[in-house]
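# Per-entry structural report
Below, each chain spelled out in residue letters.
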Amino acid sequence: DVKVTQSSRYLVKRTGEKVFLECVQDMDHENMFWYRQDPGLGLRLIYFSYDVKMKEKGDIPEGYSVSREKKERFSLILESASTNQTSMYLCASSLWGGVSYEQYFGPGTRLTVT
Amino acid sequence: GQQVMQIPQYQHVQEGEDFTTYCNSSTTLSNIQWYKQRPGGHPVFLIQLVKSGEVKKQKRLTFQFGEAKKNSSLHITATQTTDVGTYFCAGPSSGTYKYIFGTGTRLKVLA
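This section reports on the structure supplied with the text. (Residues numbered from 1 in each chain as written. Chains lettered and ligands numbered in written order. Predicted model: local features only at pLDDT ≥ 70, side-chain atom pairs only at ≥ 80, totals over all residues. Heavy atoms only, no water.)

Turning next to the overall build of chain A. Secondary structure assignment for chain A yields zero helices and 11 strands. From first element to last, N terminus to C terminus, chain A shows the α and β order β-β-β-β-β-β-β-β-β-β-β. Residue pairs in contact within chain A that sit at least 24 positions apart in sequence constitute 56% of those at least 6 positions apart. Total accessible area on chain A is roughly 5,600 Å²; 50% of this is exposed by carbon and sulfur atoms. Across chain A, the 15 positively charged side chains and the 15 negatively charged ones have centroids separated by 7 Å. (Helix = DSSP H or I, 4+ residues; strand = E, 2+ residues; numbered from the N terminus. Contact = heavy atoms within 4.5 Å. Areas by Shrake-Rupley, 256 points an atom, 1.4 Å probe, with all protein chains shown as cover. Lys, Arg positive; Asp, Glu negative; His and termini not counted. Charge placed at Lys NZ, Arg CZ, Asp CG, Glu CD.)

Here it is in structure tokens:
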């Protein structure tokens, strides 16, 4: 079974702090994704990566950066947390190839910025 | 930009009633995926449709991909309390690995 784990289920940070959210997958997937989920807005893509050290911006990258130094690990960084970044953050991974593959999601990190 | 919309946003049904959620894309899709997220859980993949007009069934769930490949639907027959959750459709953004998720339909089943 594919397993995607995230470093924290709940996190509370202060405005201006630097925040690291970590995601690890154990199925050798090439693609990894970071989404945020807000009520009424569905899942919005922040960043994705299709290979080590490769990244592409999603739909809402402002205020975020990412790092992928190893294939299994994809980190989301909030350089200076703000209250409007309070949200549920979901990491996902999938195979890469000529056809589309299903995404496997982690349990999510609920981040509160005060 | 490309948009994927879902309706309705919420649906409350009595147990045993049918339920349908609709997904509409602003552009033609090469495929469409459906996910289910239980309350407090994370999205879990249900199915992928690829062909125009395709219909697939999973027990009481019927998935359909429109002829023009711009819309899709998920129909649940005789809902049960285990069907509670939010259902998302997702379509690929052309030329990328990105998927655009719909806003989701939250289903509540009243026993």
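This model, assessed by the stated rule, comprises two disulfides over all chains. Cys 23 of chain A shares a disulfide with Cys 91 of chain A; S-S distance 1.8 Å. Residues Cys 23 of chain A and Cys 91 of chain A share a disulfide whose torsion about the S-S bond is about -75 degrees; that sign makes it left-handed. With a gap of 68 residues between them, Cys 23 of chain A in strand 3 (residues 19–25) and Cys 91 of chain A in strand 9 (residues 87–94) connect regions that are remote in the sequence. With respect to burial, Cys 23 of chain A and Cys 91 of chain A carry one shared label: buried. Two residues share a disulfide in this structure: Cys 23 of chain B and Cys 89 of chain B, whose sulfurs sit 2.0 Å from each other. Here the disulfide of Cys 23 of chain B and Cys 89 of chain B is right-handed, its torsion about the S-S bond being about 80 degrees. (Disulfide = S-S within 2.5 Å. Buried < 20%, exposed > 50% of the residue type's maximum accessible area, 1.4 Å probe, protein only.)

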